[in-house]
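Chain by chain, the residues:
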Amino acid sequence: MQLALYSLIVIGIIIYLLRRHYGNTSKIELNHSQANRFTTQNLPFVYQSEYYSLAWGLEQKGFYVDPEGRTYKYKMPEKWHRYKTNTGKHSWGFETDGTISATELFENLKSSVEDKPLFEFLRKTNPITQALIYDLLTSTIEDRGQVQCDSGNTSNSLFVYDSEIDLYRRILLTCDGDNELVNQSVYTKQIIQGFGIVRR
């Protein structure tokens, strides 16, 4: 009898936690105190995975991950800042360069929704070191050209703050879809596996 009662209590707690996780409390708009975490000191880097297409109308969705493993999701945001390329053209995701100001990046984060795991210990972290960043920056990017048409691009990038230019510098890890590119760094696969890829 006591075992059955204990089991019911445990099941009730699990159901309560799942409802909290998948209800309104699992995805919350960033409040003022949360937004204060967005500084270049707290965010020396930010990972981004994004699907972007204009083939059949605008389609944009993705997520950021900060150094603490917090995930910020977005889908068809009304106001958004895209990174700037050296050519000044519209950015699609397959570019091998790019910069964005801290103000613009933080506004993107504030426009996103923080997605919290059911249990905090499940939150993934992937420490990015200076040696890793250097290897990514100095590794070649294999451009396999245009492999599809009108399917959009899924790009995975690392935005690293550069104090000398006071901008976040974009490092392309991979891009697939219309265009296929892969950073040849030995760390590319490790980073993407650690942070994940947006689903189309």
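Parameters and conventions
Residues numbered from 1 in each chain as written. Predicted model: local features only at pLDDT ≥ 70, side-chain atom pairs only at ≥ 80, totals over all residues. Heavy atoms only, no water. Salt bridge = Lys/Arg side-chain N within 4 Å of Asp/Glu carboxyl O. Helix = DSSP H or I, 4+ residues; strand = E, 2+ residues; numbered from the N terminus. Buried < 20%, exposed > 50% of the residue type's maximum accessible area, 1.4 Å probe, protein only. Phe/Tyr/Trp six-rings, centres within 6.5 Å; stacked < 30°, edge-to-face > 60°. Lys NZ or Arg CZ within 6 Å of the ring centre and 35° of its normal. 1 Å grid on protein atoms, 1.4 Å probe; cavity = no way out; pocket = protein on both sides within 12 Å on 5 of 7 lines; lining within 4 Å. Points joined across faces, edges and corners; volume = space filled by probe spheres on them. Nonpolar A, V, L, I, M, F, W, Y, C, P; charged D, E, K, R; others polar.

### A short note on the pattern of salt bridges
Where charged atoms from two side chains of opposite charge come close, those side chains can pair.
Reasoning step 1: Under the counting rule described, the total for this entry stands at eight salt bridges.
Reasoning step 2: With its nearest N and O atoms 3.4 Å apart, the salt bridge here joins Arg37 to Glu114. Taken as a pair, Arg37 in the loop between helix H2 (32-35) and strand E2 (45-53) and Glu114 in strand E6 (residues 113-115) lie far apart in primary sequence, 77 residues in all. For the residue pair Arg37 and Glu114, the accessibility class agrees, reading buried in each case.
Reasoning step 3: In this structure, the salt-bridge partner of Glu104 is Lys84, at a minimum N-O distance of 3.2 Å. Remark: Lys84 occurs in the loop between strand E4 (71-75) and strand E5 (99-100) and Glu104 occurs in helix H3 (residues 102-111); sequence separation between them is 20 residues.
Reasoning step 4: Of the residues examined, Lys84 reaches a relative accessible area of 46% and is grouped as partly exposed.
Reasoning step 5: Here the salt bridges do not stand alone but share partners, grouping Glu142, Arg144 and Glu180 into one network.

### Some details on the packing of aromatic side chains
Reasoning step 1: Following the criterion strictly, the structure yields eleven aromatic pairs and no others.
Reasoning step 2: Geometrically, the ring pair formed by Phe38 and Phe106 is stacked, given 6.3 Å between the ring centres and 25 degrees between the ring planes. In this pair, Phe38 is assigned in the loop between H2 and E2 and Phe106 in helix H3, connecting sequence segments 68 residues apart.
Reasoning step 3: Between Tyr83 and Phe159 the ring centres are 6.2 Å apart and the planes differ by 55 degrees, which places this aromatic pair in the tilted class. Here Tyr83, found in the loop between E4 and E5, pairs with Phe159, found in strand E8 (residues 153-162); they are 76 residues apart in sequence, far enough to count as distant.
Reasoning step 4: Across the ring face of Tyr52, the terminal group of Arg82 is positioned such that the distance to the ring centre comes to 3.8 Å.

### Examining empty space enclosed by the protein
Reasoning step 1: Tallied over the full model, the rule gives one cavity of 30 Å³ or more.
Reasoning step 2: Taken as a whole, the largest cavity spans an internal volume of roughly 60 Å³.
Reasoning step 3: Lining the largest cavity are Gln48, Glu50, Tyr64, Trp80, His81, Arg82, Tyr83, Ile100, Asn108 and Phe159.
Reasoning step 4: For the lining of the largest cavity, the class distribution of residues is five nonpolar, three polar and two charged.

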